Amino acid sequence: MGSHKNTFIQEARKQQIIAATITTLDDIGYVKASLAQIAKRATISTALISYHFADRQDLIDQSLQALLEQSATFILTKTYAADDPATQLANFIEASIAYQATHPKENAALLEIIFNARTAEDVPYYKISDDGEDPLLKALCKILEDGKEQGTFTVDSVQVMAKVIQGAIGEYMLIGGPISVEAEEYSQEVIKIMWTAMKVEGHKNA
């Protein structure tokens, strides 16, 4: 029983360190986010971080993974609350933008990692293509393919349209979100533009 309890403690400790890493990245940026700074925000010792993570790179990688999983879980849960492709796509866009609007700290941390972190071979993270791994892109392509097959969407290239939609969603994060346009207003405009582009008729967001 004791070892089982320990695994819970270890898991909780890892989550605590990852949360402190996200806060640190948001506070002072990637370059200054040392293990000492992260330990300070987690109110633990750097030795304890080193016990749970191989090194700073490992901690950053696992934090990135946690950030991506958290947003994907939220977005896909909302997306698949509907059955038809048009509603799924509207939900996908609304949930993606709502998540960004309500998670400024996570967005800042994500951008810090993607634009500053480098692999062991010195390749910046933003240059790494993981199209096959990205669950959101996969889901988006599947929704567009289903809609195309059912005749709901008029779309030549599913891949291109998926990138255009992801671009419009990502732009919300980069333009400073709620300060300029309310999330609801932004997502409704994006949906309207997509419906026009894909000739979607008679839908609640059309």
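Note that this is a predicted model, so its numbers are computed, not measured. (Residues numbered from 1 in each chain as written. Predicted model: local features only at pLDDT ≥ 70, side-chain atom pairs only at ≥ 80, totals over all residues. Heavy atoms only, no water.)

Asker: Just checking my understanding: could you explain the overall build of the chain for this structure?
Answerer: Looking only at helices and strands, the chain has 9 helices and 0 strands in total. Counting from the amino terminus, helix and strand elements in the chain follow one another as α-α-α-α-α-α-α-α-α. Each principal axis of the C-alpha distribution contributes one length, and for the chain these read about 60 × 40 × 35 Å. Each of the 206 residues in the chain was classed as buried or not, and the buried ones make up 40%. (Helix = DSSP H or I, 4+ residues; strand = E, 2+ residues; numbered from the N terminus. Buried < 20%, exposed > 50% of the residue type's maximum accessible area, 1.4 Å probe, protein only.)

Asker: I tried to follow unusual backbone geometry on my own but got confused; where do I start?
Answerer: Trans is the common state for peptide bonds, and a negative phi is the common state for residues other than glycine. Positive phi outside glycine occurs at Thr43, with the angle close to 50°. With respect to the helices, strands and loops of the structure, Thr43 is situated in the loop between helix H2 (35-42) and helix H3 (46-52). Look at Thr43 and you get exposed, because its relative accessible area is 69%. Even without a glycine there, the phi angle at Lys199 is positive, about 55°. Looking at Lys199, the relative accessible area reads 55%, which means it is exposed.

Asker: What's the story with the packing of aromatic side chains in this structure? I'm lost.
Answerer: Two descriptors summarise a pair of aromatic rings, namely the distance from one centre to the other and the angle between the planes of the rings. Counted according to the given criterion, the structure contains 4 aromatic pairs. Relative to Tyr126, the ring of Phe115 lies with its centre 5.6 Å away and its plane at 40°, an arrangement referred to as tilted. Here Phe115 is found in helix H6 (residues 104-116), whereas its partner Tyr126 is found in the loop between H6 and helix H7 (135-149), with 11 residues between them in sequence. For Phe115, a relative accessible area of 46% gives the class partly exposed. Classification of Tyr126 by relative accessible area gives partly exposed; the value is 44%. (Phe/Tyr/Trp six-rings, centres within 6.5 Å; stacked < 30°, edge-to-face > 60°.)

Asker: Which parts of the structure should I look at to understand the environment of Ile38?
Answerer: Its place among the elements puts Ile38 in helix H2. Between the alpha carbons of Ile38 and Ala20 there is a distance of 5.8 Å; along the sequence they are 18 residues apart. Among residues more than four places away in sequence, those in contact with Ile38 are Ile17, Ala20, Thr21, Thr24, Ala33, Ile49 and Leu59. (Contact = heavy atoms within 4.5 Å.)

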